Amino acid sequence: QVQLVEAGGGLVQAGGSLRLSCAASGSILRLNDMGWYRQAPGNQRDLVAGITSGGSTKYADSVKGRFTISRDNAKNTVYLQMNSLKPEDTAVYYCSARVIPHFLSGELEYWGQGTQVTVSS
């Protein structure tokens, strides 16, 4: 199996910063696209930022210029640096990874357990 373990959420004042991390472990043959999603109460889960294995990135319009996604392929870890946080960034943040596992020839998508980010005004 494959596990994604997130860390770094918490409570921060508006204008502050947080850094999320997500480490993938287990039966990983190849780790492809990784990303961060978020879900606020009553809302759907939306993409915040994504990064390919080659380092190409994409961002939701609402976070462009404030958030930066990066990855360390040697550690199978993806990061989300969040600066200039706003109250509307408050949500549960989920890590996603597309993995080719050792036990299957195809690609599967895995999710982390979620980490709460709360931005106070």
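Keep in mind the model is a prediction, meaning the values are calculated, not measured.

### Let's talk about the packing of aromatic side chains
Piece 1. Following the criterion strictly, the structure yields 1 aromatic pair and no others.
Piece 2. Cation over ring: R19 sits above Y79, and NZ or CZ is 4.1 Å from the ring centre.
Piece 3. Taking the ring centre of W111 as reference, the NZ or CZ of R45 above it sits at 4.8 Å.

### A look at the nonpolar core
Buried together is how nonpolar side chains tend to be arranged in soluble globular proteins.
Piece 1. Judged by nonpolar contacts, the single largest core of 29 residues is most densely connected at W36, V48, F67, V78, L80, M82 and Y93.
Piece 2. At the level of elements, β1 (2–7), β3 (18–26), β4 (28–39), β5 (46–51), β7 (67–72), β8 (77–82), β9 (91–101) and β11 (115–120) are the ones that each hand at least two residues to this core.
Piece 3. A total of 5 residues in this core trace back to one element, the largest contributor, which is β9.
Piece 4. Sequence-distant contacts of F67, that is, excluding residues within four places in its chain, are made with R38, V48, Y59, L80, Q81, M82, N83, L85, D89 and Y93.

Thresholds applied
- Residues numbered from 1 in each chain as written.
- Predicted model: local features only at pLDDT ≥ 70, side-chain atom pairs only at ≥ 80, totals over all residues.
- Heavy atoms only, no water.
- Phe/Tyr/Trp six-rings, centres within 6.5 Å; stacked < 30°, edge-to-face > 60°.
- Lys NZ or Arg CZ within 6 Å of the ring centre and 35° of its normal.
- Core = buried A, V, L, I, M, F, W, Y, C linked by side-chain atoms within 4.5 Å.
- Buried < 20%, exposed > 50% of the residue type's maximum accessible area, 1.4 Å probe, protein only.
- Helix = DSSP H or I, 4+ residues; strand = E, 2+ residues; numbered from the N terminus.
- Contact = heavy atoms within 4.5 Å.

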